[in-house]
Amino acid sequence: MSEYYHILSLYQQHRRYERKLFLFSLVLLVVTSLFVFGDFVRMNPFFIYLIAMGITFYYASRIRVEGKNYQHLKTFLRKYDPEILNHELLVFFIDYQLTNYFADEFGELLKRLKDDDLTNDEKAFENLETMITEIKKYYEYLSIDHQHEEEVELSLQWYKESIEKRKQDLL
């Protein structure tokens, strides 16, 4: 259950991501504008703003919580099961599990599937569909309040074993 709560806290960070980035960019823009207006250094303002944008891009990549294939996952889910997209926490949970437990396989499957035609590789489509179905079932199981801690531990053990089995099947 602690993994579920950890993912919930990461999801809250994900929801605050855009607001943090907007505020950081705004503050940096104001500071940069004051620096240019004050004319402290005789330099082309374009380069000063370019440096500020570089700092913003670095900050955006550092505070990013979702995986690097998050947008590709959303594209796949739009074709596979559009109803999942209405439940943002579930999409974030799927992304977290795929990124942390199926990282290599997930990246390879996405390479085999092209954005414009996601059904061009049936085997890859079926493998990704199976992984997402397992993760969705795991999410549904965790989101239900359980009274016995042993059941949760057994479930986590089952889930870890299914991850290992899935990795072996993909090889």
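Along every chain, residues carry numbers that run from 1 in the direction the sequence is written. Given that this is a predicted model, residues contribute local features only at a pLDDT of at least 70 and side-chain atom pairs are listed and counted only at 80 or more, while totals for whole chains, interfaces and linings are drawn from all residues. Hydrogens and waters are ignored; side-chain quantities use all the structure's heavy atoms.

Asks: Help me understand the packing of helix 3 (residues 70-80) against helix 4 (residues 88-101), please; the structure alone is not making it clear to me.
Replies: Lines are fitted to the C-alpha atoms to define the axes, a helix being fitted only along its stretch in contact, and any angle between axes, read from their N-to-C directions, falls within 0 to 180 degrees. The way it works is that DSSP assigns letters per residue, a run of H or I at least four long becomes a helix, a run of E at least two long becomes a strand, and they are numbered from the N terminus. At their nearest, the axes of helix 3 and helix 4 sit 10 Å apart, and the two run at 120° to each other. Looking at the two axes, helix 3 sits oblique to helix 4. Considering only the axes of helix 3 and helix 4, their crossing is right-handed. The residues of helix 4 that touch helix 3, namely those facing Tyr70, Leu73, Lys74 and Leu77, are Val91, Phe92, Ile94, Asp95 and Leu98. Put simply, Ala, Val, Leu, Ile, Met, Phe, Trp, Tyr, Cys and Pro go in the nonpolar bin, Asp, Glu, Lys and Arg in the charged bin, and everything else, Gly too, in the polar bin. By residue class, the composition of the contact of helix 3 with helix 4 is seven nonpolar, no polar and two charged. Oblique is the label for any angle not under 35 degrees, not over 145, and not in the 65 to 115 range, which are roughly parallel, roughly antiparallel and roughly perpendicular in turn. Two helices that cross are described as forming a left-handed crossing if the nearer one is turned anticlockwise from the farther one by less than a right angle, and a right-handed crossing if clockwise. Whether two residues are in contact is decided by their heavy atoms, any of which lying within 4.5 Å being enough.

Asks: Explain the nonpolar core to me, please; I cannot follow it from the model alone.
Replies: One recurring pattern in soluble globular proteins is that nonpolar side chains are buried together. Residues enter a nonpolar core if they are buried and are Ala, Val, Leu, Ile, Met, Phe, Trp, Tyr or Cys, with the set joined through side-chain atoms within 4.5 Å. We call a residue buried when its accessible area falls under 20% of the maximum for its residue type, exposed when it is over 50%, and partly exposed in between, using a 1.4 Å probe and counting protein chains only. Judged by nonpolar contacts, the single largest core of 34 residues is most densely connected at Leu77, Phe93, Ile94, Leu98, Phe102, Leu128 and Ile132. Those elements giving two or more residues to this core turn out to be helix 1 (2-38), helix 3, helix 4, helix 5 (103-112), helix 6 (122-143) and helix 7 (149-170). No other element matches helix 6, which puts nine residues into this core. Every residue in contact with phenylalanine 102, bar those within four places of it in the chain, is listed here: Gln97, Met131, Ile135, Tyr159, Ile163 and Arg166.

Asks: It is not clear to me how unusual backbone geometry should be interpreted in this structure. Could you clarify?
Replies: In most cases, non-glycine residues show a negative phi, while peptide bonds are predominantly trans. One non-glycine residue with positive phi stands out, namely aspartate 39, at about 50°. Residue placement: aspartate 39 occurs in the loop between helix 1 and helix 2 (45-63). On the basis of relative accessible area, aspartate 39 is assigned to the partly exposed category, the value being 38%.

Asks: Looking at this structure, I do not really get the packing of helix 4 against helix 5. What am I missing?
Replies: It is the contact of helix 4 with helix 5, at a shortest axis distance of 5 Å, that shows an interaxial angle of 110°. Regarding the angle of helix 4 to helix 5, the classification is roughly perpendicular. Residues Leu98, Thr99 and Tyr101 of helix 4 pack against Ala103, Glu105 and Phe106 of helix 5. Partitioned by chemical class, the residues of the contact of helix 4 with helix 5 number four nonpolar, one polar and one charged.

Asks: Any chance you could explain the packing of aromatic side chains here in plain terms?
Replies: Aromatic rings in a pair are described by how distant their centres are and how their planes are angled relative to each other. Stacked, tilted and edge-to-face are the three classes applied to pairs of Phe, Tyr and Trp rings, where Trp contributes its six-membered ring and a pair requires centres within 6.5 Å; stacked means planes under 30 degrees apart, edge-to-face means over 60, and tilted covers the rest. Scanning the model with the defined rule gives eight aromatic pairs in all. Each ring, one from phenylalanine 24 and one from tyrosine 59, has its centre 4.0 Å from the other, and the planes form 25°; the classification is stacked. You can see phenylalanine 24 sitting in helix 1 and its partner tyrosine 59 sitting in helix 2, a full 35 residues away along the chain. The partly exposed category is assigned to phenylalanine 24, whose relative accessible area is 26%. Here tyrosine 59 falls in the partly exposed class, since its relative accessible area comes to 24%. Centroid distance phenylalanine 46 to phenylalanine 47: 5.8 Å. Interplanar angle 65°. Geometry classified as edge-to-face. Judged by relative accessible area, which is 42%, phenylalanine 47 ranks as partly exposed.

Asks: Mind showing me how you'd approach the side chain of glutamine 97 here?
Replies: Examined against the element boundaries, glutamine 97 turns out to sit in helix 4. Taking the relative accessible area as the measure of exposure, glutamine 97 reaches 0% and is therefore buried. Excluding anything up to four places from it in sequence, glutamine 97 contacts Glu3, Ile7, Phe102, Ile135, Tyr138 and Tyr159.

Asks: How should I be thinking about the layout of surface pockets in this particular structure?
Replies: One way to see where empty space is left: roll a probe the size of a water molecule over the atoms. Only protein atoms enter the 1 Å grid, on which a cavity is a set of points fitting a 1.4 Å probe that cannot get out and a pocket is an open set with protein on both sides within 12 Å along at least 5 of 7 lines, lining residues being those with an atom within 4 Å of a point. Grid points are joined across faces, edges and corners, and a volume is the space filled by probe spheres set on the points. If you add up the space inside the largest pocket, you get close to 210 Å³. Surrounding the largest pocket, 13 residues form its lining, Lys68, Asn69, Phe106, Gly107 and Leu110 being those nearest its centre. Residue assignment for the lining of the largest pocket shows that the elements contributing at least two residues are helix 4 and helix 5. Split by residue class, the lining of the largest pocket holds four nonpolar, five polar and four charged.

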